[in-house]
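A closer look at the structure
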Amino acid sequence: GLLLMVIGTVIAADLWVCWGFQHEPSAVVSVMRGLTFACSLLFFAWGSYLLPGLAQFHVTNRQAIRNAAVWAVKKPFITLSLVLCKFAAVSAMILMWYFCFPVLWILGYIEAALLNKAFGVRSDPNPEPEHQEIYYE
């Protein structure tokens, strides 16, 4: 979590510097804005799988980092949907801060459903465990 926080803070500072200040139009500024935006997309794609992957599976931190990158590449439509949910959550907090809680709850539910699909978790409609009788001779 701390690694995600540090990387997110650096990317947020880069976004603030690239778009928050008045720059003279140049190719360098355009390239820096594009690279910062691409890095933020990659961060959201990778970060969307990292902590849920650690919570779902018993792996080391290094394996979780690698698995998050693999899931982000192997499941592009789910990854794109997760990134869009993250951007929608940030937009809801910025644009309508007074009405953002229901929107965040709905987006959290959508993300959970997408992550269950990505991880292959299936919900059983009949959660009763099968009763087996074991006879010993």
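Calculation rules
Counting starts from 1 at the beginning of each chain's written sequence and moves along it residue by residue. In view of the model being predicted, local features appear only for residues whose pLDDT reaches at least 70, and side-chain atom pairs are presented and counted only at 80 or more, with totals across whole chains, interfaces and linings using the full set of residues. Note that the side-chain values use all heavy atoms of the structure and ignore hydrogens as well as water. Starting at the N terminus, helices and strands are each numbered in turn, a helix being any DSSP run of H or I of at least four residues and a strand any DSSP run of E of at least two. Think of it in three bands: with a 1.4 Å probe and only protein chains considered, a residue is buried below 20% of the maximum accessible area for its type, exposed above 50%, and partly exposed in between. Values of accessible area rely on a 1.4 Å probe in the Shrake-Rupley scheme; residue burial ignores everything except the protein chains shown. Residues belong to one nonpolar core when they are buried, are Ala, Val, Leu, Ile, Met, Phe, Trp, Tyr or Cys, and are joined through side-chain atoms within 4.5 Å. In what follows, a contact means two residues having at least one pair of non-hydrogen atoms within 4.5 Å. Any carboxyl oxygen of Asp or Glu within 4 Å of a side-chain nitrogen of Lys or Arg constitutes a salt bridge here. Exposure above 30% relative accessible area and no salt bridge define the residues that can form patches, which grow by joining like charges within 9 Å and nonpolar side chains of Val, Leu, Ile, Met, Phe, Trp and Tyr within 5 Å. Every axis corresponds to a line fitted to the C-alpha atoms, with the helix fit spanning only the stretch in contact, and the corresponding angles, defined between N-to-C directions, vary from 0 to 180 degrees. By the definition adopted for this analysis, an angle is roughly parallel if under 35 degrees, roughly antiparallel if over 145, roughly perpendicular if from 65 to 115, and oblique otherwise. When the near helix sits turned anticlockwise from the far one by under a right angle, the crossing is termed left-handed; a clockwise turn instead gives a right-handed crossing. The nonpolar class holds Ala, Val, Leu, Ile, Met, Phe, Trp, Tyr, Cys and Pro. Asp, Glu, Lys and Arg form the charged class, and all remaining residues, Gly among them, are polar.

**Examining the overall build of the protein**
A count of helices and strands for the protein gives five helices and zero strands. If you list the helices and strands of the protein from N to C, you get α-α-α-α-α. Within the protein, the fraction of its 137 residues that count as buried is 26%. Of the roughly 10,700 Å² of accessible surface on the protein, a fraction of 68% belongs to carbon and sulfur atoms.

**Some words on the environment of L84**
Along the polypeptide, L84 turns up in helix α4 (residues 76-95). Along the chain, L84 and E111 lie 27 residues apart, while their C-alpha atoms are 9.9 Å from each other.

**A closer look at the nonpolar core**
Counting residues in hydrophobic clusters, the biggest one holds 18 residues, and the most contacted among them are W46, Y49, L50, I78 and L82. Tallying contributions element by element places helix α2 (residues 27-56) first for this core, with five residues. Discounting residues that sit within four places of it in the chain, L50 has contacts with L4, A64, I65 and A68. Counting six residues, the second largest nonpolar core, distinct from the first, contains A89, A92, V103 and L107.

**Structural notes on the pattern of salt bridges**
As enumerated under the stated definition, the model contains one salt bridge in all. In this structure, E111 engages K86 in a salt bridge whose closest nitrogen and oxygen atoms are separated by 3.1 Å. Highlighted residues: E111 in helix α5 (residues 100-119) and K86 in helix α4, separated in sequence by 25 residues.

**Focus: the environment of A118**
Tracing the chain through its elements places A118 in helix α5. Given the relative accessible area of 6%, A118 is considered buried. Linking A118 and I78, residues 40 residues apart in sequence, is a C-alpha distance of 6.9 Å. Those residues within four positions of A118 in sequence are excluded, and the remaining contacts are Y49, K75 and I78.

**Digging into a nonpolar patch on the surface**
Together, V28, V31, M32 and L35 make up a nonpolar patch on the protein surface, roughly 380 Å² of accessible area in all. Mapping L35 onto the fold places it in helix α2. Residue classification places L35 among the partly exposed residues on the basis of a relative accessible area of 47%.

**Considering the packing of α2 against helix α3 (residues 61-74)**
Where α2 meets α3, the closest approach of the two axes is 8 Å, and the angle between their N-to-C directions is 130°. Accordingly, the angle class assigned to the pair α2 and α3 is oblique. α2 and α3 meet at a crossing whose hand is right-handed. Where α2 approaches α3, its residues A45, W46, Y49, L50, G53 and L54 are matched on the opposing element by N61, A64, I65, A68, A69, W71 and A72. Looking at the contact of α2 with α3 residue by residue, the class counts come to 11 nonpolar, two polar and no charged.

Honestly, it's all geometry; don't read function into it.
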